[in-house]
Amino acid sequence: MPSVLKIYGERNTGTNYLSQLVALNLPQVRLLPGVVPRWLQLFFPRAEAPRDLYFQWTFKRNLGWKHAMAPTAEQLAHVAYSPQDLYFVT
């Protein structure tokens, strides 16, 4: 099974660039999204509440927003990924 990678970082720290580098150079790695889908951005361009709700509802699949804190061990116990395959970059 390929590794799963989640990138966390503050704004303007190169997370988008790093995501692109991983996608181009490590095709076997599954990169978890850190931003809301385009359709949500179009409907709620500047609203934070819908983004927060989206990541709350989808946490098990994407491990939250890329600008959030990395999840705790307790939170990771309920995700859809094996701990042996899950990696973080901050």
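Residues numbered from 1 in each chain as written. Predicted model: local features only at pLDDT ≥ 70, side-chain atom pairs only at ≥ 80, totals over all residues. Heavy atoms only, no water.

**Q** So what's going on with the layout of surface pockets? Residues and values would help.
**A** It is the rolling of a water-molecule-sized probe over the atoms that shows where space remains empty. Approximately 170 Å³ is the volume found for the largest pocket. Lining the largest pocket, in full, are I7, T15, N16, S19, L31, L32, P33, G34, V35 and K66. Considering every element that reaches the lining of the largest pocket, the biggest residue donor is helix α1 (residues 15-25), with three residues. Looking at the lining of the largest pocket residue by residue, the classes come out as five nonpolar, four polar and one charged. (1 Å grid on protein atoms, 1.4 Å probe; cavity = no way out; pocket = protein on both sides within 12 Å on 5 of 7 lines; lining within 4 Å. Points joined across faces, edges and corners; volume = space filled by probe spheres on them. Helix = DSSP H or I, 4+ residues; strand = E, 2+ residues; numbered from the N terminus. Nonpolar A, V, L, I, M, F, W, Y, C, P; charged D, E, K, R; others polar.)

**Q** Got a sec to walk through the sheet that holds strand β2 (residues 30-31)? Specific residues and values, please.
**A** Reading across the sheet, the three strands line up as β2-β1-β3 and stay open at both edges, with parallel pairing between neighbours. Single-partner strands in this sheet number two, and they are β2 and β3 (86-89). Here four bridges tie strand β1 (residues 4-7) to β3, and the two strands are oriented parallel to one another. Each residue of the ladder has a partner; that of K6, found in β3, is F88. Contacts from α1 reach β1, β2 and β3 within the one sheet, and its direction differs from that of β1 by about 160°. (Pairing = 2+ DSSP bridges. Contact = heavy atoms within 4.5 Å. Axes fitted to C-alpha atoms, helices over the stretch in contact; angles between N-to-C directions.)

**Q** Tell me about the packing of aromatic side chains, residues and numbers included.
**A** Per the counting criterion, the structure on display carries two aromatic pairs. Measuring from centroid to centroid gives 5.0 Å for Y54 and F55, while their planes differ by 75°, and the two rings are edge-to-face. When the ring centre of Y8 is taken as reference, the NZ or CZ atom of K6 above it lies at 5.5 Å. (Phe/Tyr/Trp six-rings, centres within 6.5 Å; stacked < 30°, edge-to-face > 60°. Lys NZ or Arg CZ within 6 Å of the ring centre and 35° of its normal.)

**Q** Tell me about the side chain of K6, and please be specific about residues and values.
**A** When you line up the elements, K6 lands in strand β1. Here K6 sits buried without a salt bridge, and the closest side chain of opposite charge, D52, lies 12 Å off (N-O distance). Among the polar contacts listed, one links the side chain of K6 to the backbone oxygen of P33, at a separation of 2.7 Å. Once you skip the residues sitting within four places of it in the chain, K6 turns out to touch L32, P33, G34, N62, L63, G64, W65, K66, Y87, F88 and V89. (Buried < 20%, exposed > 50% of the residue type's maximum accessible area, 1.4 Å probe, protein only. Lys, Arg positive; Asp, Glu negative; His and termini not counted. Salt bridge = Lys/Arg side-chain N within 4 Å of Asp/Glu carboxyl O. Polar contact = N/O pair within 3.5 Å; in protein donor to acceptor, adjacent residues only side chain to side chain.)

Structural measurements only, silent on function.
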